[in-house]
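# Observations on chain architecture
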Amino acid sequence: MKPLVRYFSKKNADAFVDRGEVLFRALSYFRDYEDEGVRADEHEGTLIHLPSEGLSITNVSTKETIALPHRFEATAKEEEIFVYCMSTEISSDIAHRFDAEVAVEIFDPLKFISLVRSKLSLRRRLRAEKLVHHQVRYYEWDEAPIVDWALPERIAMRKPKSFEWQKEYRFAVPVGDAFRVENVSLKLRAPGDLRLRRAMLHPELLLKLGSLSKICQVHKLK
């Protein structure tokens, strides 16, 4: 398995290395984050399907098929799925976009994953046994969603192709039945219909894994 990388300010890097502080945030946080699309993704937690020729809809009564300019959206329970985002590359370009001072490289990712899983298992409201972690799959909106629209854990691990530069490796864990099949909201959204930012606090989860100094290396970038 490749090493995992996390980009930080110097202060936050110290907290990560010395105390193993790992802050999981709800998917809704990244949807509403405001940084001109660096970390922010208006469609976080949502799988989108928008064919270039339009969305094909069939009238079950008349059997007539028409193409709509709308897009199909399947949205997971954004406030009940917590994620932690890392990368698989040490890159000056990624660091610059994140305005990061250091990159912390985890050269024993299996140990790190074990520590994360162990700490999650102590949180009763979380389904630690449902933890998923792997590289994010980046997709184009015209790709057919096949069955992924009904699988919240897959929705949580997918992002639009425009974020591919992040080379993201993501951890995702649900509260309750947030990963249950078809536990999603479905909608046809018209062109120009943007999702509004919600005025509420976004849930977060802080784990303290203990010192990670023996399994990581700090790379100064500035």
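All of these numbers come straight from a predicted model, not from anything done at the bench.

### Examining helix 4 (residues 109-120)
Over its twelve residues, helix 4 runs 16 Å from end to end, which matches the ideal 16 Å to within 8%, given 1.5 Å per residue. Here helix 4 has its buried residues at Pro109, Phe112, Ile113, Val116 and Leu120. Taken end-on, helix 4 shows its buried residues confined to a sector of 100 degrees, consistent with a single buried face.

### Considering the side chain of Arg71
Its location among the elements puts Arg71 in strand 6 (residues 71-75). For Arg71, a relative accessible area of 9% corresponds to the buried category. Not counting the four nearest positions on each side in its chain, Arg71 is found in contact with His43, Ile48, His49, Leu50, Leu55, Trp141, Lys187, Leu188, Arg189 and Asp193.

### Let's talk about the pattern of salt bridges
Applying the stated rule across the entire model yields 18 salt bridges. The partner of Glu21 in a salt bridge is Arg19, with the nearest N and O atoms 2.9 Å apart. Judged by relative accessible area, which is 44%, Arg19 ranks as partly exposed. A salt bridge links Asp93 to Arg97, with the shortest nitrogen-to-oxygen separation between them at 3.5 Å.

### Remarks on the nonpolar core
If you look at the biggest cluster of nonpolar residues, it comprises 30 residues, and the most contacted ones within it are Phe16, Phe24, Tyr84, Phe112, Leu120 and Phe171. Of all the elements, helix 4 adds the most residues to this core, at four residues. Contacts of Tyr84, omitting those with residues within four sequence positions, involve Arg6, Phe8, Phe16, Val22, Leu23, Phe24, Phe112, Tyr169, Arg170 and Phe171. Counting residues in each nonpolar core, the second largest holds 20 residues, with Tyr29, Cys85, Ala172 and Phe179 among its members.

### Quick look at the state of the cysteines
Scanning the model with the defined rule gives zero disulfides in all. Unpaired in terms of disulfides, Cys216 finds its nearest cysteine sulfur in Cys85, a separation of 19 Å.

### Considering the side chain of Thr75
Mapped onto the elements, Thr75 comes out in strand 6. Side-chain polar atoms of Thr75 contact the side chain of Thr46, separated by 2.8 Å.

### What to know about the pairing of strand 4 (residues 55-58)
Relative to strand 5 (residues 65-68), strand 4 runs antiparallel, the two sharing four bridges. Among the inter-strand pairings, Ile57 is bridged to a residue of strand 5, identified as Ile66. Linking strand 4 back to strand 5 in an antiparallel pair, the connection comprises six residues, with Lys63 at a positive phi of about 65 degrees.

### A look at unusual backbone geometry
Negative phi values dominate among residues other than glycine, just as trans dominates among peptide bonds. A positive phi is found at Asp99, a non-glycine position, where the angle reads about 55 degrees. Residue placement: Asp99 occurs in the loop between helix 3 (92-98) and strand 8 (102-106). Overall, Asp99 belongs to the exposed group, its relative accessible area being 55%. For Lys167, which is not a glycine, the phi torsion comes out positive at approximately 50 degrees. The class of Lys167 is partly exposed, set by a relative accessible area of 31%.

About the criteria used
- Residues numbered from 1 in each chain as written.
- Predicted model: local features only at pLDDT ≥ 70, side-chain atom pairs only at ≥ 80, totals over all residues.
- Heavy atoms only, no water.
- Helix = DSSP H or I, 4+ residues; strand = E, 2+ residues; numbered from the N terminus.
- Expected span 1.5 Å × (residues − 1).
- Buried < 20%, exposed > 50% of the residue type's maximum accessible area, 1.4 Å probe, protein only.
- Arc of directions from axis to C-beta.
- Contact = heavy atoms within 4.5 Å.
- Salt bridge = Lys/Arg side-chain N within 4 Å of Asp/Glu carboxyl O.
- Core = buried A, V, L, I, M, F, W, Y, C linked by side-chain atoms within 4.5 Å.
- Disulfide = S-S within 2.5 Å.
- Polar contact = N/O pair within 3.5 Å; in protein donor to acceptor, adjacent residues only side chain to side chain.
- Pairing = 2+ DSSP bridges.

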